[in-house]
Amino acid sequence: MTDVERLNHDFGRSDAVAFAASPLGGPVAHLEAGGDRATVALYGAQVLNWEHRGAEQLWLSPHARLGTGKGVRGGIPVCWPWFGPHDDDAAKPAHGFVRVRDWRVDATASGDDHASITLSFATRPEMASVWPHDAQVALTVRLGDGLSLRLETANTGRDPFVLGEALHTYFAVTDIGEVEITGLDGIDYIDKLDDNARKRQVGPVTVGEEVDRIYVGETGNILLRDGARRLGITSAGSRSAVVWNPWIAKSRRLGDMGAPDAFRHMMCIETANAGSDRILLKPGERHVLEARYRIA
Ligand code: TA6
């Protein structure tokens, strides 16, 4: 029995949850509920696609490949157990290491109006050089009345650790010039492009240059407006949200964005525990980060 056959035998749920070998180079789960579809890679537990009423809601690089040991650009990367560059060691991968590891399928579920999958990753002693703590992280992706993600961390060790994390979501947009992000008015943010200066958001966020900001405060109810499209982003277990668009020069430096104007068709709005919103987790404690996306 192949890995995919075994996954379908153990966790498949007719059309609601079906595993397949992705042309991107690894096993994926295809979720279907109420006419909506989503694809979740076991590599990095990364949502790659989310289709609502036939329209793709997420942006994915044309260079996306699974299992390469590099992060997949696009969809919803899981940044864990740190967000951004490592505090002390620049040689360690940005956004933690679980987005470049294979996760285990723990469960699937389905009903008339939903389909879900739960994947998990547990640290092992041989990873101590990368991160010297014992922990388990589980992601549940639920398709139905939108797309929901629940990221639960358990400190299974004997020492406390500080957890940084994010659901680093790349939303597809018609054109960045049409984008307006509301729900952050009056919230302070760290401007990563201005020496981490602390600033206050006035009115909606619009994008006409590279933007890389960590908003900290009441960030639980955000609306992405893309022309006539309204996409609601609600969250729990988080008081920080990252807003990022690489624009022209950074896109060129990244090298895996695809077309030169690809930056005009994506907008990252990330539900996080980042900056001053990182979480101290003591032995035995758990933390849940949740995000829900709904087309208004
Ligand atoms: O979340 C914004 C950010 O931290 C940007 O600074 C940029 O580096 C982006 O993440 C992409 O990071 P990645 O490691 O996926 O290339």
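Notes on the structure in this doc start here. (Residues numbered from 1 in each chain as written. Predicted model: local features only at pLDDT ≥ 70, side-chain atom pairs only at ≥ 80, totals over all residues. Heavy atoms only, no water.)

1. Details of the pairing of strand β2 (residues 26–33)
Phase 1: Across 6 bridges, the pairing between strand β1 (residues 17–22) and β2 is antiparallel. The residue bridging V17 from the neighbouring strand is L31, located in β2.
Phase 2: Linking β1 to β2, which pair antiparallel, is a turn of 3 residues; within it G25 sits at a positive phi near 105 degrees.
Phase 3: Inspection of the sheet shows β2 paired to strand β3 (residues 36–41) by 6 bridges, in the antiparallel sense. By the bridge assignment for β3, L31 is matched with A38. (Pairing = 2+ DSSP bridges. Helix = DSSP H or I, 4+ residues; strand = E, 2+ residues; numbered from the N terminus.)

2. Structural notes on the site of the ligand
Phase 1: Near the ligand the following residues occur: R73, F83, A94, H95, R99, H168, K192, D212, V242, W244, K250 and E270.
Phase 2: Within the contact set of the ligand, an oxygen atom lies 3.0 Å away from a side-chain nitrogen or oxygen of H95.
Phase 3: At a separation of 2.6 Å, an oxygen atom of the ligand approaches a polar side-chain atom of D212.
Phase 4: Residue composition of the shell around the ligand, by class: 4 nonpolar, 2 polar and 6 charged. (Near = heavy atom within 4 Å. Polar contact = N/O pair within 3.5 Å; in protein donor to acceptor, adjacent residues only side chain to side chain. Nonpolar A, V, L, I, M, F, W, Y, C, P; charged D, E, K, R; others polar.)

3. Section: the sheet that holds strand β9 (residues 135–143)
Phase 1: In spatial order, the strands read β7-β8-β9-β10-β23-β19-β18-β14; together these 8 strands make up an open sheet with antiparallel pairing. Both edges of this open sheet fall to β7 (104–111) and β14 (179–182), since each of them pairs with a single strand only. When the angles between neighbouring strand axes are averaged without regard to direction, this sheet yields 15 degrees.
Phase 2: Here 6 bridges tie strand β19 (residues 229–236) to strand β23 (residues 286–295), and the two strands are oriented antiparallel to one another. Note on β23: the bridge partner recorded for G232 is R294. (Axes fitted to C-alpha atoms, helices over the stretch in contact; angles between N-to-C directions.)

4. Description of the packing of aromatic side chains
Phase 1: As enumerated under the stated definition, the model contains 13 aromatic pairs in all.
Phase 2: Here the aromatic rings of W103 and F121 are separated by 6.3 Å at their centres, their planes lie at 40 degrees, and the arrangement is tilted. Linking W103 in the loop between β6 (78–79) and β7 with F121 in strand β8 (residues 114–122), this pair joins segments that are 18 residues apart in sequence.
Phase 3: Residue class for W103 comes out buried when judged on its relative accessible area of 4%.
Phase 4: Owing to a relative accessible area of 4%, F121 belongs among the buried residues under this scheme.
Phase 5: For the ring pair Y189 and Y215, a centre distance of 4.9 Å and an interplane angle of 40 degrees mean the geometry is tilted. Within this pair, whereas Y189 is found in strand β15 (residues 188–191), its partner Y215 is found in strand β17 (residues 211–216), the two being separated by 26 residues in sequence. For the residue pair Y189 and Y215, the accessibility class agrees, reading buried in each case. (Phe/Tyr/Trp six-rings, centres within 6.5 Å; stacked < 30°, edge-to-face > 60°. Buried < 20%, exposed > 50% of the residue type's maximum accessible area, 1.4 Å probe, protein only.)

5. Description of the sheet that holds strand β4 (residues 46–52)
Phase 1: Pairing in this open sheet of 5 strands is antiparallel, and the strands run β1-β2-β3-β4-β5 from one edge to the other. The sheet is open, and its two edges are formed by β1 and β5 (55–56), each paired on a single side.
Phase 2: Relative to β4, β3 runs antiparallel, the two sharing 5 bridges. Bridge assignment links V40 to a residue of β4, and that residue is V47.
Phase 3: This element, helix α1 (residues 3–11), spans β1 and β2 of the sheet and lies at about 170 degrees to β1. (Contact = heavy atoms within 4.5 Å.)

6. Describing the environment of V78
Phase 1: If you trace the backbone, V78 turns up in strand β6.
Phase 2: Each C-alpha atom of the pair V78 and G177 lies 27 Å from the other, and the pair is 99 residues apart in sequence.
Phase 3: Excluding residues that lie within four positions of it along the chain, V78 makes contacts with G44, A45, H95, V98, R99, W103, L139, L151, A166 and L167.

7. Quick look at the nonpolar core
Phase 1: F19, W80, W103, L147, L167, I181 and Y293 are the most contacted members of the largest nonpolar core, which totals 76 residues.
Phase 2: With 5 residues, β9 is the single largest residue contributor to this core.
Phase 3: Excluding anything up to four places from it in sequence, F19 contacts V4, L7, N8, F11, G12, V28, A29, L42, V105, T108 and I117.
Phase 4: If you look at the next biggest cluster of nonpolar residues, it comprises 9 residues, including A166, I190, V216 and A272. (Core = buried A, V, L, I, M, F, W, Y, C linked by side-chain atoms within 4.5 Å.)

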